[in-house]
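Summary of the model geometry
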Amino acid sequence: MQINLNDTAVEWFKSEFDFPEGSGLKFFIRYGGSFQLKQGYSPGFMVDKLQNVGYQEEKGGLVYFVEETDLWYYKDDTMNVVAVNDEIKYRIAPKKPGQY
């Protein structure tokens, strides 16, 4: 699994949210939604404490993470997060040949 944020998305998150010390941008799963990495569920995001971290990255001073209980949703995929016209969009990176 991998979650990539482009530079524009990083700047958007940093300008829209306050990140108290010990917190980061948490990607979680929710029921429904228009973008579905796995059928019936979609990703969401929120500012939260860094706890129960199963996956963590940092880009441009922004720490983002997924809790252990939500790893199943992102497993086996690469999700790219971009900001387009002041809106966050998700895109799935194509799988490489031989990858399932």
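Coordinates for the structure precede this section.
Description of the structure in this document. Keep in mind that this is a model prediction, so the values were computed, not measured.

Cut-offs applied
Residues numbered from 1 in each chain as written. Predicted model: local features only at pLDDT ≥ 70, side-chain atom pairs only at ≥ 80, totals over all residues. Heavy atoms only, no water. Helix = DSSP H or I, 4+ residues; strand = E, 2+ residues; numbered from the N terminus. Rg over C-alpha atoms; globule rule 2.2 N^0.38 Å. Buried < 20%, exposed > 50% of the residue type's maximum accessible area, 1.4 Å probe, protein only. Contact = heavy atoms within 4.5 Å. Areas by Shrake-Rupley, 256 points an atom, 1.4 Å probe, with all protein chains shown as cover. Lys, Arg positive; Asp, Glu negative; His and termini not counted. Charge placed at Lys NZ, Arg CZ, Asp CG, Glu CD. Salt bridge = Lys/Arg side-chain N within 4 Å of Asp/Glu carboxyl O.

On a plain count of helices and strands, the chain comes out with two helices and seven strands. Secondary structure elements of the chain, listed N to C terminal, follow the sequence β-α-β-β-β-β-α-β-β. Whereas a compact globule of 100 residues would reach a radius of gyration of roughly 13 Å, the chain reaches 13 Å, a difference of no more than 12%. Taken over the C-alpha atoms alone, the chain extends approximately 40 × 30 × 25 Å along its principal axes. Buried residues in the chain amount to 36% of all 100 residues. Taking the intrachain contacts of the chain between residues at least 6 apart in sequence as the baseline, contacts between residues at least 24 apart amount to 57%. Here the chain has roughly 6,200 Å² of accessible surface; of this, 46% comes from carbon and sulfur atoms. For the chain, the centre of its 11 positive side-chain charges and the centre of its 15 negative side-chain charges are spaced 7 Å apart.

Next up on the list: the pattern of salt bridges. Two side chains of opposite charge can pair, provided their charged atoms sit close to one another. Evaluation of the coordinates by the stated rule reveals six salt bridges. For aspartate 7, the salt bridge is made with lysine 59, and the minimal N-O distance between the two is 3.2 Å. Linking aspartate 7 in helix α1 (residues 7-16) with lysine 59 in strand β4 (residues 53-59), this pair joins segments that are 52 residues apart in sequence. Taking the shortest distance from any N to any O, the salt bridge between aspartate 48 and lysine 26 comes out at 2.9 Å.

Before going further, it helps to examine the side chain of glutamate 67. Relative to the helices and strands, glutamate 67 is located in strand β5 (residues 62-67). Excluding residues within four positions of it along the chain, glutamate 67 makes contact with Lys26, Asp48, Gln51, Asn52, Val53 and Gly54.

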